[in-house]
Amino acid sequence: MRSWVRSTIYSVAAALGTALAIALLSHLDLTITLWGMTFRTSCLAPRLRVAFIGPFPFVYGRAFYADITLSLIACLIPLALHAEARYRETMRLIEEAYKFMHLASAYIRARTLAVDMLSAVAGSIEEPLRSMIMSFRTLLLTGMEPQRAFMKVFGRSPASVRRILRVIPIAMSSGGRSSEVLDFAVGYVRELRQYVRERRATLSAYIVIIVIASITFSLTSLVVLMLAESIQETGGGIIAQRIDTEFMFAMYYISAQVISIFSGLMIGRVIKEYTPASLKYIAALMGVTALVFFVVAPLLGV
């Protein structure tokens, strides 16, 4: 919990720092040449327009949306990095839990006492699971009931890890049938591990599809905007006079960013099975969408 609070503080600081940097650059009005393109920082100063959709005001402006997007991405990066670190730690814990189950079953079949088995297996397990196992063993030696000791030690560990290891206190409470319980559990864990691997391998391909779909919508929006500007340039006609390409740009941009957010959530929740992991994909997709609308679009004359 403390690590998430610290990451949140970093996120707020990053967002505020980005907003202040944008305000400073827009005030200084510097001229930057990059890849043959000239860029004046004064264009970062928000120039707002207001349109009414029914009774509701709608504020829009390219620089305004660019500034907000940069600040949001800066806010998401610290949280995304923390979530990615937690995700990798959880995956490592799951792999160590699989390893623990196989070793525990072998020791129990050899008629090793439960507390001795925990001590022996802990030597082959990496941290932080090793410390958890040793804490569990210590509580058992004090006479605490296995199920209670297990929840005390592993209660705050990821639910996927608890599901794998929950059979350990059950086996300890089963008397002389502990080896049979563990053998059955190891078989189940082996099948579960194979299923999870196959599922991840199958769903990983959908990440590319989701990303391509999100980018395709952004590029298609540019094509529509180019057609709208072409109609305006031809002049004449009531339709050409009523077209507001800046308003269309704003609507398409907001739609593309909403698609980016929900695409990232889908990848994290459904494919990765860890909702905070979606922060990385949301930040990346938002950045790509901003590049399409604020870098590619000007190159195409939109």
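So, here is what we can say about the structure in this document. Not measured: the values here are computed from a predicted model.

Here we take up the packing of aromatic side chains. Applying the stated rule across the entire model yields twelve aromatic pairs. Each ring, one from Phe136 and one from Phe154, has its centre 6.2 Å from the other, and the planes form 70°; the classification is edge-to-face. On the criterion of sequence distance, the pair formed by Phe136 in helix α4 (residues 129-141) and Phe154 in helix α5 (residues 146-154) is long-range, its members being 18 residues apart. You can call Phe154 buried: its relative accessible area is 3%. Above the ring of Phe249, the side-chain terminus of Arg62 is found at 3.9 Å from the ring centroid.

Within the largest apolar cluster, 38 residues are counted, with the highest numbers of intra-cluster contacts made by Phe100, Met101, Phe136 and Leu165. Secondary structure elements with two or more residues in this core: α2 (62-109), α3 (114-122), α4, α5, α6 (159-165), α7 (167-172) and α8 (178-234). Residue contributions to this core peak at ten residues, all from α2. Setting aside its immediate chain neighbours within four residues, Met101 contacts Ile164, Leu165, Val167, Ile168, Leu182, Ala185, Val186 and Val189.

Turning next to the environment of Asp244. Following the sequence through the fold, Asp244 ends up in the loop between α9 (238-242) and α10 (245-271). Leave out the neighbours within four places in its chain, and Asp244 touches Arg49 and Tyr60.

Evaluation of the coordinates by the stated rule reveals five salt bridges. With a closest N to O distance of 3.2 Å, Glu84 and Arg88 form a salt bridge. Taken together, the residues Glu84 and Arg88, both in helix α2 and four residues apart, mark about one turn of the helix. In this structure, Glu95 engages Arg193 in a salt bridge whose closest nitrogen and oxygen atoms are separated by 2.5 Å.

Calculation criteria
- Residues numbered from 1 in each chain as written.
- Predicted model: local features only at pLDDT ≥ 70, side-chain atom pairs only at ≥ 80, totals over all residues.
- Heavy atoms only, no water.
- Phe/Tyr/Trp six-rings, centres within 6.5 Å; stacked < 30°, edge-to-face > 60°.
- Helix = DSSP H or I, 4+ residues; strand = E, 2+ residues; numbered from the N terminus.
- Buried < 20%, exposed > 50% of the residue type's maximum accessible area, 1.4 Å probe, protein only.
- Lys NZ or Arg CZ within 6 Å of the ring centre and 35° of its normal.
- Core = buried A, V, L, I, M, F, W, Y, C linked by side-chain atoms within 4.5 Å.
- Contact = heavy atoms within 4.5 Å.
- Salt bridge = Lys/Arg side-chain N within 4 Å of Asp/Glu carboxyl O.

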